[in-house]
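Chains, contacts and geometry: an overview
Chain by chain, the residues run as shown.
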Amino acid sequence: MTKHIVHISTGTKTGCDICNGFSIGGENFAASVNHYITDHGYNLLHVGSETHLIDINNADALIIDTVAVLGK
Ligand SMILES: [Zn+2]
């Protein structure tokens, strides 16, 4: 049974939930997924995309991020 879920996005930079010593997300996306799998024993549950509408100079801009969900 999965007891803990982590969510990684190319649009969000954060620290590792477990060890805090690893930069997660952003341009470090693939290394972040590998970090949870190899260093913490997580399983990859889902890879997909998320869209966000942001405002740039009063015009809507669509941002598409790649996301991964891992569980252990
Ligand atoms: Zn870690």
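Residues numbered from 1 in each chain as written. Predicted model: local features only at pLDDT ≥ 70, side-chain atom pairs only at ≥ 80, totals over all residues.

1. Structural notes on the sheet that holds strand β4 (residues 43-56)
Keep this limit in mind: Strand pairing is assigned whenever DSSP detects at least two bridges linking the two strands. Counting from the N terminus, the helices are the DSSP runs of H or I reaching at least four residues and the strands are the DSSP runs of E reaching at least two. Only C-alpha atoms enter the line fits that serve as axes; for helices the fit covers just the stretch in contact. Angles between N-to-C directions range over 0 to 180 degrees.
What the three strands build is an open sheet, ordered β1-β5-β4; its pairing is antiparallel. Since the sheet does not close on itself, it has two edges, and those belong to β1 (5-9) and β4, each with one partner. Averaged over all neighbouring strand pairs, the angle between strand axes comes to 25°, with direction disregarded.

2. Let's talk about the environment of V33
Of note, V33 is situated in helix α1 (residues 29-40). C-alpha separation for the pair V33 and S9, spaced 24 residues apart in sequence, amounts to 9.9 Å.

3. Overview of the pairing of strand β5 (residues 59-71)
A regular strand places its side chains so that they alternate between the two faces of the sheet. Pairing of β1 with β5, which is carried by five bridges, proceeds in the antiparallel orientation. The partner of S9 across the bridge, within β5, is V67. Here 13 bridges tie β4 to β5, and the two strands are oriented antiparallel to one another. In the sheet register, I54 faces β5, and the bridge partner there is A61.

4. Comments concerning the confidence of the model for the chain
The test is simple: Residue-level confidence of the predictor is what pLDDT reports, using numbers from 0 through 100.
With 100% of its residues at a pLDDT of 70 or more, the chain has an overall mean of 95. Averaged pLDDT values over the elements of the chain bottom out at 93 in strand β3 (residues 23-25) and peak at 97 in α1.

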